[in-house]
Amino acid sequence: MEERYAIAQEMVEKMNKSSGYKTIAYGQEKLPKEGGYVMYPNHQGKYDVPGIFTAHDKPCSFVMDEKKSHIILVNEFLLLVDGKRLMMDNLRQTLTIFQEMAKEIVEEGRKFILFPEGGYKEDNRNIVEPFKAGSFKLAQMSKCPIVPVALIDSYKVYNSPHKGPVTTYVYYLDPIYYEDYKGMKTVDIALMVEQKIKKKIEEHLKERS
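Each value, and the rule that gives it
- Counting from 1, residues in each chain are numbered in the order their sequence is written.
- The model is predicted, so local features are restricted to residues of pLDDT at least 70 and side-chain atom pairs to those at 80 or more, both for listing and for counting; the totals for chains, interfaces and linings are taken over all residues.
- Side-chain metrics in this entry use all non-hydrogen atoms of the structure; hydrogen atoms and water are not considered.
- Secondary structure counts use DSSP, requiring at least four H or I residues in a row for a helix and at least two E residues in a row for a strand, with both numbered from the N terminus.
- Relative accessible area decides the class of each residue, using a 1.4 Å probe on protein chains only: under 20% of the type maximum gives buried, over 50% gives exposed, and in between gives partly exposed.
- Values of accessible area rely on a 1.4 Å probe in the Shrake-Rupley scheme; residue burial ignores everything except the protein chains shown.
- What a helix is expected to span follows from its residue count: subtract one and scale by 1.5 Å.
- The directions considered for the arc run from the helix axis to the C-beta atoms.
- In this analysis, rings of Phe, Tyr and Trp, with Trp reduced to its six-membered ring, are considered paired at centre separations within 6.5 Å, and the interplanar angle assigns stacked below 30 degrees, edge-to-face beyond 60, and tilted for intermediate values.
- By the criterion adopted, a ring carries a charge over it if an Arg CZ or a Lys NZ lies within 6 Å of its centre and within 35 degrees of its normal.
- In this description, strands pair whenever DSSP reports at least two bridges between them.
- As used here, the term nonpolar core means buried Ala, Val, Leu, Ile, Met, Phe, Trp, Tyr and Cys residues forming a set that is joined through side-chain atoms within 4.5 Å.
- In what follows, residue pairs with any heavy atoms lying within 4.5 Å of each other are defined as contacts.
- Scored between 0 and 100, pLDDT is the confidence that the predictor attaches to each residue.
- What goes into a patch is any residue over 30% in relative accessible area without a salt bridge, connected to like charges within 9 Å or, for nonpolar side chains (Val, Leu, Ile, Met, Phe, Trp, Tyr), within 5 Å.
- Between Lys or Arg on one side and Asp or Glu on the other, a salt bridge is scored when a side-chain nitrogen of the former is within 4 Å of a carboxyl oxygen of the latter.
- Any two cysteine sulfur atoms within 2.5 Å of one another count as a disulfide.

Trainee: Teacher, can you tell me more about the overall build of the protein chain here?
Mentor: In terms of regular secondary structure, the protein chain is built from eight helices and seven strands. When burial is assessed residue by residue, the protein chain has 50% of its 209 residues classed as buried. As displayed, the protein chain offers around 10900 Å² of accessible surface, 54% of which is attributable to carbon and sulfur atoms.

This is the structure we're talking about:
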């Protein structure tokens, strides 16, 4: 897995160099040192996962809509890092995949990226849509740390009219451990994570305005 993840990172690095894309990351020191966890970022576009890969040293993988996962290169990238495909309109399949992921998080220490918005809008201009509570069932099932991740300007790379070099930002926020959310409903967890990410995006944009 480490070898395959290194190949994925190299692919992203070459793509970025040839296109003038750059990602600046903060908070890597906050990531849990041991075991698996789930990263819950806001969703801006096709560059979100590559952006996180540039700034996440340990192997991680991602989850995406099964219908969109068969696009050329996307499919190969997903297979390379052993990603998961969700049938968004099939709750039974989603539950089965979540159970599979929870087992891998607990037993193998795997780390996953799961987008709780469920999708993204073109040219979204750093606007965060409401998080779907069901996404946090995975964290509850695995009792693993939740890592909120704030993505900024990621949409400019592939999902906006912008042309030319782009700098995107990744903020790893303080992990939320199971002891801190075990008594909460998924609706409340979703709102808490959403608010933390929104706050960080607002702070970032205010500092650079």
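From this point, things continue past the structure.
Trainee: Any chance you could explain helix α1 (residues 2-19) here in plain terms?
Mentor: Because an α-helix completes one turn every 3.6 residues, residues spaced three or four positions apart along the sequence face the same direction. Here α1 contains 18 residues, and its C-alpha end-to-end distance of 26 Å stays within 8% of the 26 Å for a straight helix at 1.5 Å per residue. Turning to α1, its buried residues number three or more, namely Tyr5, Ala8, Val12 and Asn16. Looking down the long axis of α1, one finds its buried residues gathered within 70° of arc, a one-sided arrangement. Projecting away from the buried face of α1 at angles above 90 degrees are the exposed residues Glu3, Lys14, Lys17 and Ser18. Positive backbone phi, approximately 80°, marks Gly20, located one or two places after α1.

Trainee: It is not clear to me how the packing of aromatic side chains should be interpreted in this structure. Could you clarify?
Mentor: Describing an aromatic ring pair means giving the distance of the ring centres and the angle of the ring planes. Tallying each qualifying case throughout the model produces ten aromatic pairs. Each residue in the set Tyr5, Phe53, Phe62 and Phe77 is aromatic and connected to the rest through ring pairs, giving one cluster. Here Lys68 stacks its cationic end above the ring of Tyr120, 5.5 Å away from the centre of that ring. Between Arg208 and the ring centre of Tyr169, over which it is positioned, the NZ or CZ distance is 5.0 Å.

Trainee: Would you take a moment to explain the pairing of strand β2 (residues 37-41) for this structure?
Mentor: Within a regular beta strand, the side chains point alternately toward one face of the sheet and then the other, so they alternate between its two faces. Counting buried positions along β2 gives five out of five residues, so the element sits mostly inside the fold. Residues Tyr37, Met39 and Pro41 line one face of β2 and the alternating positions Val38 and Tyr40 line the opposite face, and both faces are buried. When β2 meets strand β5 (residues 111-113), the two strands line up parallel, connected through three bridges. For Met39, the partnering residue across the bridge sits in β5 and is Ile113. Across four bridges, β2 lies against strand β6 (residues 146-152) in parallel orientation. Within β6, the position partnered with Val38 by the bridge is Ile146.

Trainee: Where do I start with the pairing of β6 in this structure?
Mentor: Burial analysis of β6 places seven of its seven residues in the buried class, which makes it a mostly covered element. Burial of β6 is two-sided: the residues Ile146, Pro148, Ala150 and Ile152 facing one way and the residues Val147, Val149 and Leu151 facing the other way are all buried. Taken together, the four bridges between β6 and strand β7 (residues 166-172) define a ladder with antiparallel strand orientation. Counted as the bridge partner of Leu151 is Val170 from β7.

Trainee: When you look at the nonpolar core in this model, what are you seeing that I'm missing?
Mentor: One broad trend across soluble globular proteins is that nonpolar side chains are buried collectively. Membership of the largest hydrophobic core comes to 31 residues, with the highest contact counts inside it found for Tyr40, Phe136, Leu138, Ile146, Val193 and Ile197. At the level of elements, β2, α4 (91-108), α5 (137-142), β6, β7 and α8 (186-207) are the ones that each hand at least two residues to this core. Other than its neighbours up to four places away in sequence, Ile146 contacts Val38, Tyr40, Phe136, Ala139, Asp174, Pro175, Ile176, Tyr181, Ile189 and Val193. The next biggest cluster of nonpolar side chains, apart from the first, holds 25 residues, and it includes Ala8, Leu31, Met39 and Met64.

Trainee: Just to check I follow, could you spell out the confidence of the model for the protein chain for this structure?
Mentor: Of the residues in the protein chain, 100% reach a pLDDT of 70 or more, and the chain-wide mean stands at 97. Taken element by element, the predicted model of the protein chain shows its lowest mean pLDDT in helix α3 (residues 74-80) (95) and its highest in β6 (99).

Trainee: Could you clarify how one ought to interpret a nonpolar patch on the surface in this entry?
Mentor: A cluster of nonpolar residues, Ile71, Ile72 and Leu73, forms a patch on the protein surface that exposes about 340 Å² of accessible area. Assignment of secondary structure puts Ile71 in the loop between β3 (61-65) and α3.

Trainee: Would you take a moment to explain the state of the cysteines for this structure?
Mentor: Disulfides are covalent bonds that link the sulfur atoms of two cysteine residues. Within the structure shown, the criterion is met by zero disulfides. Cys144 provides the cysteine sulfur closest to Cys60, a residue in no disulfide bond, and the two sulfurs are 13 Å apart. In this structure Cys144 comes out as buried when scored by relative accessible area, which is 3%.

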